[in-house]
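The residues making up each chain are set out below.
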Amino acid sequence: MHNMAETAALAAVAAQNQGKFWQMHDALFNTRPLTRKGIDKAAESIGLNMEQFKKDMADPATRQKVIKDMLDASKADVSGTPTLFINGHRVKDRSLSSIQNMIDQELKANANAKQPSS
């Protein structure tokens, strides 16, 4: 993780509290360099109530949500983004053909599971 990862995660959760998670997600990925000042500018640019945003950034409940997400990621063996899963199986080869093959295998397994046994 980079040195601003936790701050960016807190900002995303704070934005989510105002119904703007994805807008903040996009704004953060377009912010270079990623600094606290840049994060605040991103929040302003998507129209967040800045007073509420700053309160939520400092709120222990926001930090707890981030910690829970990090623990969930650790349990799923996710150490960074993007990480892709298909039906609970981690994608290691992200080539189009490999992903298509995994999807086809899952669809076949699902179809076989639904077949009535004789």
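For clarity, every value in this text was computed on a predicted model and none was experimentally measured.

## Quick notes on helix α6 (residues 96-114)
An α-helix turns once every 3.6 residues. As a result, residues three or four positions apart point the same way.
Turning to step 1, where the next piece is worked out: Between the first and last C-alpha of α6 there are 27 Å, a value that for 19 residues agrees with the 27 Å anticipated at 1.5 Å per step.
Turning to step 2, where the next piece is worked out: The complete set of buried residues in α6 reads Ser98, Ile99 and Met102. End-on, the buried residues of α6 take up no more than an arc of 100 degrees, which puts them together on one face. Residues of α6 that are exposed and angled more than 90 degrees away from the buried face: Leu96, Ser97, Leu107, Lys108 and Lys114.

## Let's talk about the nonpolar core
Turning to step 1, where the next piece is worked out: Residues Met24, Ile39, Leu48 and Phe53 are the most contacted members of the largest nonpolar core, which totals 20 residues.
Turning to step 2, where the next piece is worked out: Mapped onto this core, the elements with two or more residues apiece are α1 (5-16), α2 (21-29), α3 (36-45) and α4 (50-58).
Turning to step 3, where the next piece is worked out: The biggest single contributor to this core is α1, with 6 residues.
Turning to step 4, where the next piece is worked out: Not counting chain neighbours up to four residues away, the residues in contact with Phe53 comprise Ala11, Ala14, Ala15, Gln18, Met24, Ile39, Asp40, Ala43 and Leu48.

Cut-off values and rules
- Residues numbered from 1 in each chain as written.
- Predicted model: local features only at pLDDT ≥ 70, side-chain atom pairs only at ≥ 80, totals over all residues.
- Heavy atoms only, no water.
- Helix = DSSP H or I, 4+ residues; strand = E, 2+ residues; numbered from the N terminus.
- Expected span 1.5 Å × (residues − 1).
- Buried < 20%, exposed > 50% of the residue type's maximum accessible area, 1.4 Å probe, protein only.
- Arc of directions from axis to C-beta.
- Core = buried A, V, L, I, M, F, W, Y, C linked by side-chain atoms within 4.5 Å.
- Contact = heavy atoms within 4.5 Å.

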